[in-house]
Amino acid sequence: MSDPVILFFVLGLTAGLCRSDLKIPGVLYESLSIVLLLAIGLKGGVALSKHNPADLFAPILIVTLAAMLVPIIAFTIASYFGRYKRADAGALAAHYGSVSVVTFAVGSSFLVRQSEEFEGFISVFLVILEIPGLLVGVALARWAATQTRWGNLIHEIITGKSIVLLVGGMVIGYFCGEDGAASIAPLFFGLFKGLLAIFLLEMGLVTAGRLAELKKSGIFLVVFGILMPLLGATIGILTAMVINLSVGGATLLATLFASASYIAAPAAIRMAVPEANPSLSIGASLGVTFPFNITIGIPLYYTFSQWLLGANQ
Amino acid sequence: MTSRLITRKLITIICESCLEGQITQASIKLGARGYTVCDARGKGAHGLRDGSWPEKGNIRIEIICDEPIATRVLDLLVENYYQNYTFVTFVADVGVLRPEKFQVI
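Residues numbered from 1 in each chain as written. Chains lettered and ligands numbered in written order. Predicted model: local features only at pLDDT ≥ 70, side-chain atom pairs only at ≥ 80, totals over all residues.

Participant: Kindly report on the packing of helix H2 (residues 26-48) of chain A against helix H7 (residues 122-129) of chain A, identifying the contributing residues and their values.
Facilitator: All names here are of chain A. The contact between H2 and H7 brings their axes to 8 Å, and the two run at 125 degrees. As the angle between them shows, H2 and H7 are arranged oblique. Crossing handedness for the pair H2 and H7: left-handed. Of the residues in H7, those touching H2 at Ile-40, Gly-41, Lys-43, Gly-44 and Leu-48 are Ser-123, Val-124 and Leu-126. (Axes fitted to C-alpha atoms, helices over the stretch in contact; angles between N-to-C directions. Helix = DSSP H or I, 4+ residues; strand = E, 2+ residues; numbered from the N terminus. Parallel < 35°, antiparallel > 145°, perpendicular 65-115°, else oblique. Left-handed = near helix turned anticlockwise from the far one by under 90°. Contact = placed C-beta atoms within 7 Å.)

Participant: Requested: an account of the sheet that holds strand E2 (residues 36-40) of chain B, with residues and values cited.
Facilitator: Residue and element names in this part refer to chain B. Taking strand neighbours across the sheet as the criterion, the four strands line up as E2-E5-E1-E6 in an open arrangement whose pairing is antiparallel. Edge strands, defined here as strands with exactly one partner in the open sheet, are E2 and strand E6 (87-96). Neighbour-to-neighbour, the strand axes of this sheet turn through a mean angle of 20 degrees, independent of strand direction. Of the strand pairs in this sheet, strand E1 (residues 6-16) and strand E5 (residues 58-65) are connected by eight bridges, and their pairing is antiparallel. Counterpart to Ile-13 in the pairing with E5 is Ile-61. Its contacts with the sheet place helix H2 (residues 67-80) against E1, E5 and E6, and it is angled at close to 15 degrees to E1. (Pairing = 2+ DSSP bridges.)

Participant: Requested: an account of the interface of chain B and chain A, with residues and values cited.
Facilitator: A common way to state how big an interface is: give the accessible area lost once the parts meet. If you look at the interface, chain B gives nine residues, while chain A gives 12 residues. Looking at the side of chain B that touches chain A, its residues break down into four nonpolar, three polar and two charged. (Nonpolar A, V, L, I, M, F, W, Y, C, P; charged D, E, K, R; others polar.)

Participant: Account for the pairing of E5(B), with residues named and values stated.
Facilitator: Pairing of E2(B) with E5(B) involves five bridges; the strand directions are antiparallel. Paired with Val37(B) across the two strands is Ile61(B), which belongs to E5(B).

Following this line, the structure appears as structure tokens:
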């Protein structure tokens, strides 16, 4: 049985390809993203309230270091095999080093459908992983350049909408705990999948618009957009084994490592590496990697995690 | 009525929405007293800019100021942004009723 949220994505994609006049108003898209980001933050915060945050210090450090490998691999592949110039390879690295919140949400909804338990604190990794990959990507792009305004860039990423809402939701969830959050649970947890479905309808429409651009960029970008999540997921599962996550947790960590940003990274990269061609990186992350992850990738990472970790549990 | 109008320059900048903060702040530093920003959509050398995704969004910035400030703002745009960003800029003479609102104190 198919996951309805994926079918909403397919509906959006089909409508976009048929050039339907269907449009999700920008205000609705913004509102949905606010609710989804807060909901993910709250969920993580509630889960965190059941743990001692100090216990997470070592896993966070290991996950952050492992995640920095992803942009370095992406940069190497894009510059050596794709023969992209430094700015474009760095921009691609930043997009793949950062993470996608919606892919994460689809991953957790997939695990719920499989009745697979996962550690709630994984969303802490979601918040943290948004930042280092982006910075590594920018550093690679601007290796020899002198005029990068690092202060402005870091300020922009940290005060960006997604980090503020995720961290804010997490803090609120942590202090309220499960009982305190019960009063707002119907909106943020009860309606979550329905709201995610409408968001994915919009994502389908946007992805359809990117496919035409992708044709111009050539086959390399398509191969890159599929190869990178597979490499990222492998690093993610291996890291999950090191920090002793469950099969569900490993699947979600793999999903995070496999995902590429298409909201936070494009905005940050446009300012930090203006000479990079934005349609290359967003074409790969939104046109190839996002649909690949939500349709084939996540079930595949789940199977891999079961295979590698299942025997130990 | 028209005799009461004083001529000032109206700079209209149509550019990527991510530049809003930088350009407006820089214009104020260069002496502009204010600005107006609205969302914009359109098609040009960089294809369709339909605002379907944040990165596909354009804005239209309007600044009314003295000619020397207009020149400084245009220089800033050409030196820092023209090479890498989507841009259309034009300047027109406009009549304003309260010229003191648009000049450096």
